[in-house]
Amino acid sequence: MLCGYAFMFLCVPNICGLLTPCVIGMPNTSTRPKRGRRNRRVPREDPARNELVSRSLESAQQCLFNQDYGTAFVHYLLVLNLAPVLKDFASESFRFTLFKWADELDSLGRIQDLFDCYEQALELFPTDEVIINSMGEHLFRMGFRDEAAGHFHKALKLKPDYPEAKENFYRVANWLVERWHFLMLNDRRRNHKYQQAIQKAVEGGCNTVLDIGTGTGILGMCAKKAGAAEVYACELSKTMYELACEVVTANGMNGRIKILHMKSLEMEVPKDIPKRVSLVVTETVDAGLFGEGIIESLIHAWNHLLLPPQSTQDPSRPPSQAGRVIPAGATVFGMAVQCLEIRRHHRLCVSEIGGLATAAAGELHSPVSCSSEDDSTEPYTTERLSRLPGGYTPLTEPFNALDIDFNNVQELEGLCSREVSRVRLPVTGEGLLDALAVWFQLHLDQQSSLSTGPKEDTCWEQAIYPVQTPHNFPLRPGDELIVEISCRDAYLRLCSVAVARDGREFRLDDCLDPDKPRNNPGPSGNPNPSLNAEAELCSALACLGTEQSSGPRDYTMLECAEMALLNNQPYHDSFRRALAKLITNLKDARSVQGPSQGQGLEVMPLTDPPSGPMDPGPDPFYVLDVSEGFSVLSLMAASQGQVKAYSSVEKTQHQAVLRRLARANGVPEEALEFWLNQVEDEQAVLQRPSREKLWSAIILDCVETCGLVRQKLMEKATLARCLLEDGGQIFPERIVLYGMLVESDTLLLESAVQGQEPTLGFNIAPFINQFTVPVHVFLDLSTLQCRHLSDSVELFILDLMNTNANYTNRDVKVQASASGRVTAVPFWYQIHLNEEISLSTFNQDSHWKQAAVVLHQPLAVREGDWVRLAVTLQKSSISISASIEEEAGETGTVDSVRVR
């Protein structure tokens, strides 16, 4: 506790439920300026103050030893306010105390106290980039993305090479300015068509304009440039609002365009704009047309912000006194497709996973479903069909799904209450029905339109409505596919509901008898369904008839990436073989050493041993799977026999799936447990299995689906090694990073705005390019439009089992195999489970995507030139810098970015 003396004159109750020091004015000071100049006195020593500082500093250190971080924090605040000269001495301990105390406050839900602590810390250390970055991390975790970005940006200004702040800023930049902004602004054709339509409307008399969802402000600037008398714009995102203000000012329109930081739904006349406008321009549309709320915003605009539309009863009314919208309307198109890539991300395609039969799992599918009433599902996802690995096969001709007139408020208001419409589509191609692909034509006015179709060179993706059925349905020419179309909740919903064949109609969502075997093709599938698939459909149709199913379907939802992982048979087969080899080796070792040997290093456990019955017999081998999300690796380990496996699967529904699979595959109930049900602190997952035991194997999730190494991987591996018994193993044992040099204009367009030409001469690029992220993720390198300028090369090795084999820096020389411009370095991984078994994240069956470092400036090379890639590892973050090996042996660095 603080001494009573300190309580009397230095402390006031304030933050964190504790006491906070308050600096009091020094004695013998005066607010009145003194005349003349006096010699400066040497300040007197204050024995009482020095004693208080000394005692408080000692108390702070004692509290740290006792892990009483809250009291230690108060003592440090007192010391550093009384004796600022000690800041350099105590800064590291103060940071440590702050971060520990903040974590405690976070776990207790005392959020205001947490931020009060950071505010007081920043009063003492206003330019400490580590504290600023840490506060940004807390803000980001709590959803304050704009504020977090500000802190990360400030930390980078203080220390531009601070890796944690740079990585955090890149991460939050993806949230604040989504990557499609760059593609859209680089789409000169789209920008020019909008500009033409706006100019035509303004010249036709629409002289007051509102830009809804202005983004960078480009459409509003088009209206002002066309001569509109008054231009208003609104933007909900704080980041985009501030960016738009900067852009408008830089283009000489500050004060001529009024930008509001608010939703258009909250705008009122005359509170926010003085009068109703004659033109609304907007592009608040997504791949599914209505997903960004354009219907709701236009209904509000017509009722509250726009002048009444031009009336056929009063055609003489001038355009300046009538309201209109750009775009004027849209036509939605759809098409049924077969696509393996879509199929394996949305439903289970295999009947066996790593030696485990999957029938007992029940129906598993992704959370993308337009037929479900569950609020947790989305009606569609998005894909660029032209870049899907393996391509797609059209099964029907494109059909007209919907027409909508944005200038007809009655039509907009009645959209959600429209009756469900049915469309019968003649099947023209043979294949498995995997999805409906949807796109639209945006009618800017009567003469001009934009298409988002799969064959168009467009910045938009297509909307994908996957078929979520427990069976595969092969279609053939002569069939009719029946599709229902609705707009519930202002979302466009297309659902494949039935197939008509030979005069009979069969619903797709009816379930077969679960006891009847069914033939599930593997994820590699068969592009053209075989006679077996045809026989499967005939069997299904014979069981279905036209009657309704007896009850609701019972299913479990997994994320799309989790579904793709389950369908990755080479991945699970490789793990099964590697686990079997390890267990066999350990059994052999135990038979030689005896049952009491081989438990390795004694480490004090972090928790008491979990309780649970175990069969008498030989000591089991303990296996821990700490994979992210849904994983069956622990169950595969348990099926080896004499194994006690622990899964990190957290969701109750997902645990139930694993239990069902265990029972169906003869795995004893006690052989599989759920680790997060046993540990008290989810942050401390890597612990011993019990007080006396160590792990035989620990499975780490090393690579994210997006193509990056997981954060803190090497730190986790270091801890995991200490928890292994003699002969135990981390899976994987090492990861090898590979890459190549490529030329890709696509990656450039997706990473930054390329000058003023695509943005119609407006100066936008320098402002939005602040949010450029040099590492692109979720790439499909097999379909990326690019030229390979080198062979693949080994860039780096991460050894999880042998810490002495690791290094922090490596230079790799890559020879150009063709002349061109190096714009990016795509990379992927070879994941070695042991010396003999490995997996690549770059193959057809992989659930992983690839990533790429995009160079800030393209690097011109000639065939035969050597390019030096300097690769550095720091805290599981890999940075790559590229330079050319010049003739004299010197190098010129052209780029440096980090990948995690």
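Residues numbered from 1 in each chain as written. Predicted model: local features only at pLDDT ≥ 70, side-chain atom pairs only at ≥ 80, totals over all residues. Heavy atoms only, no water.

Undergrad: What should I look at first to understand the side chain of T746 in this one?
TA: By secondary structure assignment, the location of T746 is in helix α22 (residues 745-751). Take T746: its relative accessible area is 13%, and that puts it in the buried class. The contacts of T746, once residues within four sequence positions are left out, are R387, L784 and Q785. (Helix = DSSP H or I, 4+ residues; strand = E, 2+ residues; numbered from the N terminus. Buried < 20%, exposed > 50% of the residue type's maximum accessible area, 1.4 Å probe, protein only. Contact = heavy atoms within 4.5 Å.)

Undergrad: Quick question: what am I supposed to make of the sheet that holds strand β3 (residues 208-212) here?
TA: With parallel pairing, 5 strands are arranged side by side in an open sheet as β5-β4-β3-β6-β7. The open sheet has two edge strands, β5 (257-260) and β7 (324-326), and neither has a second partner. Each neighbouring strand pair of the sheet contributes to a mean axis angle of 20°, computed without reference to strand direction. When β3 meets strand β4 (residues 230-234), the two strands line up parallel, connected through 5 bridges. Paired with D211 across the strands is A233, a residue of β4. Against the sheet, helix α11 (residues 218-225) makes contact with β3, β4, β5 and β6 (279-282), and its axis sits at roughly 180° relative to β4, the strand it touches most. (Pairing = 2+ DSSP bridges. Axes fitted to C-alpha atoms, helices over the stretch in contact; angles between N-to-C directions.)

Undergrad: Help me understand helix α5 (residues 111-124) in this model?
TA: One turn of an α-helix holds 3.6 residues; hence residues three or four places apart share an orientation. The end-to-end C-alpha separation of α5 is 21 Å, in line with the 20 Å expected for 14 residues at 1.5 Å each. Restricting attention to buried positions, one finds in α5 the residues D113, L114, F115, C117, Y118, Q120, A121, L122 and L124. (Expected span 1.5 Å × (residues − 1).)

Undergrad: Hey, could you run me through the pairing of strand β8 (residues 329-338) in this one?
TA: Taken residue by residue, a regular strand's side chains alternate between the two faces of the sheet. Taking burial as the measure, the 10 residues of β8 include 9 buried ones, the bulk of the element. Where β8 and strand β17 (residues 435-443) come together, 9 bridges link them in antiparallel fashion. In the sheet register, A330 faces β17, and the bridge partner there is L442. As judged from the 2 bridges shared by β8 and strand β13 (residues 393-394), these two strands associate in the antiparallel manner.

Undergrad: Before we go on, may I ask you to explain the packing of helix α3 (residues 69-82) against helix α4 (residues 87-107) in this structure?
TA: Between two packed helices, the angle of one axis relative to the other and the distance separating the axes together describe the packing. Between α3 and α4, the shortest axis-to-axis distance is 9 Å and the interhelical angle comes to 145°. For the pair α3 and α4, the sense of crossing is left-handed. When α3 is examined against α4, the residues Y69, G70, A72, F73, Y76, L77 and L80 are found in contact with a partner set consisting of K87, A90, S93, F94, F96, T97, L98, K100, W101 and E104. Tallied by class, residues from the contact of α3 with α4 come to 11 nonpolar, 3 polar and 3 charged. (Left-handed = near helix turned anticlockwise from the far one by under 90°. Nonpolar A, V, L, I, M, F, W, Y, C, P; charged D, E, K, R; others polar.)

Undergrad: Would you mind showing me how to read helix α18 (residues 569-593) here?
TA: Between its terminal C-alpha atoms α18 stretches 36 Å, which fits the 36 Å expected from 25 residues at 1.5 Å a residue. Buried within α18 we find Y571, H572, S574, F575, A578, L579, L582, I583, L586 and R590. Where α18 begins, the side chain of N568 points an oxygen toward the backbone nitrogen of Y571, at a separation of 3.2 Å. (Polar contact = N/O pair within 3.5 Å; in protein donor to acceptor, adjacent residues only side chain to side chain.)

Undergrad: In this structure, what is going on with the sheet that holds strand β23 (residues 504-507)? I would like to understand it.
TA: Backbone-to-backbone hydrogen bonds join strands into a sheet, with any given pair of strands oriented parallel or antiparallel. Sheet architecture is open: 4 strands sit in the order β15-β21-β22-β23, paired in antiparallel fashion. Edge strands, defined here as strands with exactly one partner in the open sheet, are β15 (421-426) and β23. Adjacent strand axes in the sheet meet at a mean angle of 30°, parallel and antiparallel pairs treated alike. As paired elements, strand β22 (residues 493-501) and β23 share 4 bridges and run antiparallel to each other. Considered in β23, the bridge of A500 is made with E505.

Undergrad: Sorry, what's going on with the side chain of R387 here?
TA: Topologically, R387 is positioned in the loop between β12 (381-383) and β13. R387 gets classed as buried once you look at its relative accessible area, which sits at 18%. The contact partners of R387, leaving out residues within four places of it in the chain, are T746, E750, L779, D780, T783 and L784.

Undergrad: Can you walk me through the nonpolar core in this structure?
TA: One broad trend across soluble globular proteins is that nonpolar side chains are buried collectively. Counting 156 residues, the largest nonpolar core has F94, F290, F406, L481 and L494 as its most contacted members. Ranked by the residues each element gives to this core, the list is headed by α3, at 9 residues. The next biggest cluster of nonpolar side chains, apart from the first, holds 97 residues, and it includes L672, V793, A816 and L839. (Core = buried A, V, L, I, M, F, W, Y, C linked by side-chain atoms within 4.5 Å.)

Undergrad: Would you take a moment to explain the pattern of salt bridges for this structure?
TA: Opposite charge on two side chains permits them to pair, given that their charged atoms come into close proximity. Overall, the coordinates contain 36 salt bridges when judged by the stated rule. Between R95 and E92 there is a salt bridge, with its nearest N and O atoms 3.1 Å apart. Of this pair, R95 and E92 are both found in helix α4, 3 residues apart, which corresponds to roughly one turn of the helix. With its nearest N and O atoms 2.7 Å apart, the salt bridge here joins R821 to D745. Within this pair, whereas R821 is found in strand β36 (residues 820-832), its partner D745 is found in helix α22, the two being separated by 76 residues in sequence. Classification of R821 by relative accessible area gives partly exposed; the value is 32%. Residue D745 is classed as partly exposed on the basis of its relative accessible area, which comes to 45%. The network of salt bridges with shared partners includes R422, R424, E480, E484 and E505. (Salt bridge = Lys/Arg side-chain N within 4 Å of Asp/Glu carboxyl O.)

Function cannot be inferred from these measures alone, as they are strictly geometric.
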